[in-house]
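# A structural walkthrough
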Amino acid sequence: MSLPERVERVLEAAIEAERAALGAVLVDGRRYDDVAAIVGSDWYRHAHGLIWAAIGRVVAAGDPVDLLTVKAALGADLAEVGGAGYVAGLLDGVPRSAN
């Protein structure tokens, strides 16, 4: 495998890891501090950084982290991150308890 192919695979994995981290916090906002300790504010994809900043604003306001509050916190940036559908799609593949 060539170097460009390997780099592409790593970048794809980074984006999927970012999506999983954001999705986990959207499912359970109590995971915010856990993810923040690992990721901080370093996001490969700019849109993910915008979403993370919006989640941070929701947490700082003491509001529950969910799709509605995060979409509202994104405001004008919602379109830039890919719209409501992209944000909702972050929940795809995130394991959830039935309880």
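This text follows the structure it describes.
Reading guide: rules and limits
For every chain, the first residue of the written sequence is number 1, and numbering continues from 1 along that sequence. Predicted model: local features are reported for residues with pLDDT of at least 70 only, side-chain atom pairs are reported and counted for 80 or more only, and whole-chain, interface and lining totals are derived from all residues. To obtain the side-chain values, all non-hydrogen atoms of the structure were used and water was disregarded. Note on geometry: axes are C-alpha line fits, over the in-contact stretch for helices, and angles between N-to-C directions span 0 to 180 degrees. Each helix corresponds to a stretch of at least 4 residues labelled H or I by DSSP, and each strand to a stretch of at least 2 residues labelled E; elements are numbered beginning at the N terminus. Throughout this description, any angle smaller than 35 degrees is read as roughly parallel, any larger than 145 degrees as roughly antiparallel, any in the 65 to 115 degree range as roughly perpendicular, and the remainder as oblique. A contact between two residues is defined here by any heavy atoms of the two lying within 4.5 Å. Note that Gly is not counted as nonpolar here; it falls among the polar residues with everything else outside the nonpolar set of Ala, Val, Leu, Ile, Met, Phe, Trp, Tyr, Cys and Pro and the charged set of Asp, Glu, Lys and Arg. Whenever Lys or Arg places a side-chain nitrogen within 4 Å of a carboxyl oxygen from Asp or Glu, that contact is recorded as a salt bridge. Buried residues are those whose accessible area, probed at 1.4 Å on protein chains only, stays under 20% of the maximum for their type, while exposed residues exceed 50% and partly exposed ones sit between those limits. In summary, the pairing rule links any two rings of Phe, Tyr or Trp, Trp by its six-membered ring, whose centres are within 6.5 Å, and it sorts them by plane angle into stacked for under 30 degrees, edge-to-face for over 60 and tilted for everything else. For a Lys NZ or an Arg CZ to count as sitting over a ring, it must be within 6 Å of the ring centre and within 35 degrees of the ring normal.

## Some remarks on the packing of helix H3 (residues 46–60) against helix H4 (residues 67–74)
Contact geometry of H3 with H4 gives a least axis separation of 8 Å together with a crossing angle of 110°. Classed by the angle they form, the pair H3 and H4 counts as roughly perpendicular. On H4, the residues that touch Leu 50, Ile 51, Ala 54, Ile 55, Arg 57 and Val 58 of H3 are Thr 69, Val 70, Ala 73 and Leu 74. By residue class, the composition of the contact of H3 with H4 is 8 nonpolar, 1 polar and 1 charged.

## Observations regarding the pattern of salt bridges
In this structure the tally under the stated criterion is 3 salt bridges. For the salt bridge of Arg 31 with Asp 28, the shortest nitrogen-to-oxygen distance reads 3.4 Å. Note that Arg 31 is salt-bridged to Asp 34, the shortest N-O span being 2.7 Å. Look at Asp 34 and you get partly exposed, because its relative accessible area is 39%. Linked through salt bridges whose partners overlap, the residues forming this network are Asp 28, Arg 30, Arg 31 and Asp 34.

## Some points on the packing of aromatic side chains
Under the definition given, this model contains 2 aromatic pairs. Centroid distance Tyr 32 to Trp 52: 4.7 Å. Interplanar angle 15°. Geometry classified as stacked. Of the two residues, Tyr 32 sits in helix H2 (residues 32–39) while Trp 52 sits in helix H3, which places them 20 residues apart along the sequence. When its relative accessible area of 16% is taken as the criterion, Tyr 32 is described as buried. Taken together, a centroid distance of 5.4 Å and an interplanar angle of 45° make the contact between Trp 43 and Trp 52 tilted. A relative accessible area of 12% means that Trp 43 is categorised as buried. Taken together, the ring pairs connect Tyr 32, Trp 43 and Trp 52 into an aromatic cluster. One Lys or Arg, Arg 45, reaches over the ring of Tyr 86 and ends 4.7 Å from the middle of that ring.

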